[in-house]
Every structure is written in structure tokens, then in C-alpha cells.
Amino acid sequence: MREITARELATVFEGSLTEVSPVDYYGITFEMSKARIEYNEEDKELCFTTGNYNKDGIGSVIIKESYIETIEHNEEDDEYVISFTSDITNVVVTRFKDLAELEKECAERKQQ
């Protein structure tokens, strides 16, 4: 496994949707489907956001970088494991689909 930074994680998934799944269930746990990841440079925060505010509602989890112990990339499974410094269960982040791929699928459905 290779360790990366929060900023690098956001860059890896730029333009993609992700799946965020807990490794275990204790303390604080979060799980998200079709989440976007952004890094706020000014506040040093990693932000996971899912949904569409104008249509279905929106949800987000914002984590200060100081609460992230490590982010490790498992290259064999192409997944990223985030470990936290307090009672938050580790989470696994994997790619769901690229936004371009979703737009293409949507356009194809409209043509049918």
C-alpha cells in the first residue's frame, strides 16, 4: 500500500463519483453512494458530497485534515483506505463512475 495526502485523494477522484464504505461499525460511521470528493485548501478539509440540491437533496461529510491519520492506496484492488485519529471507523473509497460516463448513459437513455 502507498500512502497519499487528502489533496491527492481529491485529485485522484476529480470528475468521478465514488462509493464510500465503512470498514467496521463503531464510534462514528459514514457511508455514501455516488459521492464527489473535494479538498478545501484554505480550511484543510476533505469534503464528501452526494446528491443534487435542486432535485433530491444533498448530504455531505467534511473532515478536517488533522483528523485523518493516513490514506493508503491499495493498488491491487484500486481502493483507498482512510484511517482517522479518533473514534471514526476507517472507510474505503472506490470509484463508482466518471461523470463523463454517466452523462453518456443519460444521453443514450434520452435517445431511446
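Refer to the structure above for everything that follows.
Just so it is clear, the model here is predicted, and its values are computed rather than measured.

Cut-off values and rules
- Residues numbered from 1 in each chain as written.
- Predicted model: local features only at pLDDT ≥ 70, side-chain atom pairs only at ≥ 80, totals over all residues.
- Heavy atoms only, no water.
- Core = buried A, V, L, I, M, F, W, Y, C linked by side-chain atoms within 4.5 Å.
- Buried < 20%, exposed > 50% of the residue type's maximum accessible area, 1.4 Å probe, protein only.
- Helix = DSSP H or I, 4+ residues; strand = E, 2+ residues; numbered from the N terminus.
- Pairing = 2+ DSSP bridges.
- Axes fitted to C-alpha atoms, helices over the stretch in contact; angles between N-to-C directions.
- Contact = heavy atoms within 4.5 Å.

Caption draft 1: Seen up close, the nonpolar core. Within the largest apolar cluster, 22 residues are counted, with the highest numbers of intra-cluster contacts made by Leu46, Phe48 and Ile82. When contributions to this core are tallied by element, the ones reaching two or more residues are α1 (6–12), β3 (32–40), β4 (45–52), β6 (68–74), β7 (79–84) and β8 (91–98). Per-element accounting of this core gives the leading share, four residues, to β3.

Caption draft 2: Structural detail: the sheet that holds strand β2 (residues 16–22). The eight strands lie next to each other as β1-β6-β7-β8-β2-β3-β4-β5, forming an open sheet whose pairing is antiparallel. If you trace the sheet from one side to the other, it starts and ends with β1 (2–4) and β5 (57–64), each paired once. If you compare each strand with its neighbour and ignore which way they point, the axes differ by 35° on average. Sheet topology places β4 next to β5; eight bridges connect them, and they run antiparallel. Across the sheet, residue Gly51 finds its bridge partner in β5, namely Ile58. Strands β2 and β8 of the sheet are contacted by helix α2 (residues 99–111), whose axis makes an angle of about 45° with β8.

Caption draft 3: Highlighting the environment of Asp78. Position of Asp78 relative to the elements: it lies in the loop between β6 and β7. Of the residues examined, Asp78 reaches a relative accessible area of 41% and is grouped as partly exposed. For the pair Asp78 and Arg95, spaced 17 residues apart in sequence, the C-alpha to C-alpha distance is 8.4 Å. Every residue in contact with Asp78, bar those within four places of it in the chain, is listed here: His73 and Thr94.

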